[in-house]
Amino acid sequence: MDHRFEKHYTRDEARALLPQVRQWLKQLNALRHDLERHDKHLNNLMNPGHDVGGDTVNQWIRTLADMQGVLAEFQRREIQIKDLERGLVDFPAIISGKEVFLCWEQDEDDIEFWHDLDTGYSGRERL
């Protein structure tokens, strides 16, 4: 049977990663806010007659690189970020021989839901 993902998580494996995932999501959201701040600053500097400051550009590039670093951690593990703001993530899993996602949101204490690969959050069912 063909699977979309190479890595599949048991509930316990996904559960064990939650503290780390929480940390990464916190980092990503902080970096995203920094990026928005740098963007605003850059846009103001882009007005005619302004010389774009190297510092601002460097900070912007650094923030972008930091974000990519954290995103790579998710990618490497095939953990899907569905909504960064809400901290909504999916872990590929196999339930009853079928490839599905274990679904978790950052304010949930545990992984208690799953859904089909194509249904998304609205198709969540209790484990």
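Every value quoted in this text rests on a predicted model; they were computed, and no experiment measured them.

Regarding the overall build of the chain
Right, on to step 1. Helix and strand counts for the chain stand at two helices and five strands.
Right, on to step 2. Listing the helices and strands of the chain from first to last along the sequence gives α-α-β-β-β-β-β.
Right, on to step 3. The C-alpha atoms of the chain give a radius of gyration of 18 Å, which is well past the 14 Å a tight globule of 127 residues would have.
Right, on to step 4. On the principal axes, the C-alpha backbone points of the chain span a range of 65 × 30 × 25 Å.
Right, on to step 5. Looking at the chain as a whole, 37% of its 127 residues qualify as buried.
Right, on to step 6. Here the analysis covers contacts within the chain between residues at least 6 apart in sequence; of these, 47% occur between residues at least 24 apart.
Right, on to step 7. For the chain, the accessible surface area stands at approximately 8,000 Å², while carbon and sulfur atoms represent 48% of it.
Right, on to step 8. Distance between charge centres in the chain, computed from 17 positive and 25 negative side chains, equals 2 Å.

Some words on the pairing of strand β1 (residues 80-83)
Right, on to step 1. The pairing of β1 with strand β2 (residues 88-95) spans three bridges and is antiparallel. Bridge pairing in β2 links I81 to V89.
Right, on to step 2. Turn length for the β1-β2 hairpin, with the two strands adjacent in sequence and antiparallel, is four residues, and the turn residue G87 shows positive phi of about 65°.

Points about helix α2 (residues 54-76)
Right, on to step 1. For α2, built from 23 residues, the straight-helix expectation of 33 Å at 1.5 Å per residue is met to within 8% by its first-to-last C-alpha distance of 32 Å.
Right, on to step 2. Looking only at α2, the buried set comprises T56, T63, M67, V70 and F74.
Right, on to step 3. Immediately downstream of α2, the backbone of E78 shows phi near 60°, a positive value.

Here we look at the nonpolar core
Right, on to step 1. Formed by 23 residues in total, the largest nonpolar core has its most connected members in V21, F74, I79, V89, F91 and W104.
Right, on to step 2. Mapped by element, the contributors of at least two residues to this core are α1 (11-45), α2, β2 and β3 (98-105).
Right, on to step 3. The leading source of residues in this core is α1, at nine residues.
Right, on to step 4. Those residues in contact with V21, other than ones at most four positions away along the chain, are F74, I79, V89, F91 and W104.

About the thresholds
- Residues numbered from 1 in each chain as written.
- Predicted model: local features only at pLDDT ≥ 70, side-chain atom pairs only at ≥ 80, totals over all residues.
- Heavy atoms only, no water.
- Helix = DSSP H or I, 4+ residues; strand = E, 2+ residues; numbered from the N terminus.
- Rg over C-alpha atoms; globule rule 2.2 N^0.38 Å.
- Buried < 20%, exposed > 50% of the residue type's maximum accessible area, 1.4 Å probe, protein only.
- Contact = heavy atoms within 4.5 Å.
- Areas by Shrake-Rupley, 256 points an atom, 1.4 Å probe, with all protein chains shown as cover.
- Lys, Arg positive; Asp, Glu negative; His and termini not counted.
- Charge placed at Lys NZ, Arg CZ, Asp CG, Glu CD.
- Pairing = 2+ DSSP bridges.
- Expected span 1.5 Å × (residues − 1).
- Core = buried A, V, L, I, M, F, W, Y, C linked by side-chain atoms within 4.5 Å.

So far we have only geometry, and geometry alone does not tell us how the molecule works.
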